[in-house]
Amino acid sequence: MKVKRVTVLISGSGSNLQALIDATSSGRLDVEICHVISNRADAPGLQRAHKAQIPTSVLPHEQFSKRSEFDQALAALAAFGKPQLLVLAGFMRILGAPMLQLFAGRIINLHPSLLPLYPGTGTYQRAIEAGDKEHGASIHFVTAELDGGPVISQVHIPILPGDNADILASRLSPREHDLVVSTVELFSHHRVHCANDAVFLDGKPFSKPLRLQADGTLTDQD
Ligand code: GRF
């Protein structure tokens with residue numbers, strides 16, 4: 001299915017949401033961001049959505065005594081606008097069964113590491129402490145396994161002498177923005193989908209994740 005309507009879920013700054021907004025305004029990305037959902041009322045990303053006149057919803061997870069109730073409410077809310085793709089852009093909650101069932105194969109997540117390396121948090125520090133030569137970000141289909149679904153695309157950056165977690169994060173951030181725009185663009189052209197835990201590009205299964213090049217294109221070349 002060619003993706004036209006996208007819902008973005010956030011918990012914080014929303015700089016990746018902003019990259020998507022900018023790409024739709026400039027005409028690069030032919031999609032409508034139809035809804036932004038945050039689990040935090042104070043997420044600065046909500047202001048970015050308001051400025052762009054995108055409908056927003058806040059669903060504070062701490063107001064639900066049971067995780068399953070939050071999961072149900074989130075799934076009901078996420079149906080608003082009939083999105084064809086959901087982008088988790090810094091959304092700091094694990095999705096429960098209702099979301100995964102309702103939107104199977106239609107949820108992608110941004111993660112700041114070269115998955116399968118470093119699922120979870122603290123990825124920059126962990127990569128530096130491990131002595132890695134490079135770090136990066138990944139976009140993957142969301143499954144029940146935390147940061148574990150099939151990877152669609154990645155961007156690699158070098159870890160330089162003197163890097164700390166903050167420096168590395170600030171160097172990765174603009175490249176992650178390019179990655180999310182280019183990856184959503186693939187969906188908008190109906191070029192990528194997931195079936196049986198495998199990712200397909202133009203109908204052919206991937207052997208490895210697509211890699212973001214310096215010019216912002218995604219290819220299967222190193
Ligand atoms: C990104 O680095 C993303 O990989 C991670 O959370 C961060 C969100 O940043 N999941 P922002 O809110 O889009 O600025």
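Every value quoted in this text rests on a predicted model; they were computed, and no experiment measured them. (Residues numbered from 1 in each chain as written. Predicted model: local features only at pLDDT ≥ 70, side-chain atom pairs only at ≥ 80, totals over all residues. Heavy atoms only, no water.)

*Asks:* Is there a simple way to think about the pairing of strand S8 (residues 192–195) in this case?
*Replies:* On a regular strand, each side chain points to the face opposite its neighbour's, so the side chains alternate between the two faces of the sheet. Pairing analysis gives four bridges linking S8 to strand S9 (residues 198–201), with the strands arranged antiparallel. Bridge pairing links Val192 to Leu201 in S9. Taking the residues that link successive antiparallel strands as the turn, the S8-S9 hairpin has two residues, and the phi of Asn196 there is positive, at about 45 degrees. (Pairing = 2+ DSSP bridges. Helix = DSSP H or I, 4+ residues; strand = E, 2+ residues; numbered from the N terminus.)

*Asks:* Just checking my understanding: could you explain helix H6 (residues 165–188) for this structure?
*Replies:* An α-helical turn contains 3.6 residues, so any two residues separated by three or four positions project in the same direction. With 24 residues, H6 should reach 34 Å at 1.5 Å per residue; the first-to-last C-alpha distance of 33 Å fits that figure. Considering bend angle alone, the principal kink of H6 is centred on Ser173 and spans about 30 degrees; proline Pro174 follows within four residues of it. The N-terminus of H6 is capped by Asn164, whose side-chain oxygen sits 3.0 Å from the backbone nitrogen of Asp166. Following H6 by one or two positions, His190 has its phi on the positive side, about 60 degrees. (Expected span 1.5 Å × (residues − 1). Bend = angle between axes of the 7 residues up to and from the residue. Polar contact = N/O pair within 3.5 Å; in protein donor to acceptor, adjacent residues only side chain to side chain.)

*Asks:* What is the right way to read the layout of surface pockets from this model?
*Replies:* As a volume, the largest pocket reaches approximately 780 Å³. Around the largest pocket, the lining comprises 35 residues; the ones closest to its centre are Gly90, Phe91, Met92, Leu110 and Pro112. Put simply, the parts of the chain that give the lining of the largest pocket at least two residues each are helix H1 (15–25), strand S5 (107–111), helix H5 (123–129) and H6. It is H6 that provides the largest number of residues to the lining of the largest pocket, a total of five residues. Looking at the lining of the largest pocket, its residues break down into 14 nonpolar, 17 polar and four charged. (1 Å grid on protein atoms, 1.4 Å probe; cavity = no way out; pocket = protein on both sides within 12 Å on 5 of 7 lines; lining within 4 Å. Points joined across faces, edges and corners; volume = space filled by probe spheres on them. Nonpolar A, V, L, I, M, F, W, Y, C, P; charged D, E, K, R; others polar.)

*Asks:* Please clarify how the packing of H1 against H6 should be interpreted in this entry.
*Replies:* The packing of two helices is summarised by the inter-axis angle and the distance between the axes. Contact geometry of H1 with H6 gives a least axis separation of 9 Å together with a crossing angle of 50 degrees. Taken together, the axes of H1 and H6 are oblique relative to one another. Between H1 and H6 the crossing geometry is right-handed. When H1 is examined against H6, the residues Ser15, Asn16, Ala19, Leu20 and Ala23 are found in contact with a partner set consisting of Ser173, Glu176, His177, Val180, Val181 and Val184. (Axes fitted to C-alpha atoms, helices over the stretch in contact; angles between N-to-C directions. Parallel < 35°, antiparallel > 145°, perpendicular 65-115°, else oblique. Left-handed = near helix turned anticlockwise from the far one by under 90°. Contact = heavy atoms within 4.5 Å.)

*Asks:* Would you mind going over the site of the ligand with me for this structure?
*Replies:* Every residue lining the ligand is accounted for by Ser13, Gly14, Ser15, Asn16, Gly90, Leu110, His111, Pro112 and Glu176. Between the ligand and Leu110, the relevant distance is 3.0 Å, taken from a nitrogen atom to a main-chain nitrogen or oxygen of the residue. Contact between the ligand and Pro112: an oxygen atom at 3.5 Å from a main-chain N or O atom of the residue. Here the ligand has 370 Å² of accessible area as a free molecule, and 80% of this is covered by the chains. Judged by the fraction of its atoms near the pocket grid, the ligand is located in the largest pocket. Taken together, the elements giving at least two residues each to the shell around the ligand come down to H1 and S5. Each residue belonging to the shell around the ligand can be placed in one class, and the counts come to two nonpolar, six polar and one charged. (Near = heavy atom within 4 Å. Areas by Shrake-Rupley, 256 points an atom, 1.4 Å probe, with all protein chains shown as cover. Sits in = over half its atoms within 2 Å of the grid points.)

*Asks:* What's the story with the environment of Leu186 in this structure? I'm lost.
*Replies:* In this fold, Leu186 is placed in helix H6. Sequence separation between Leu186 and Val3 is 183 residues, and the spatial gap between their C-alpha atoms is 8.9 Å. In contact with Leu186, other than residues within four places in its own chain, are Arg191, Val192, Leu201, Leu210 and Leu218.

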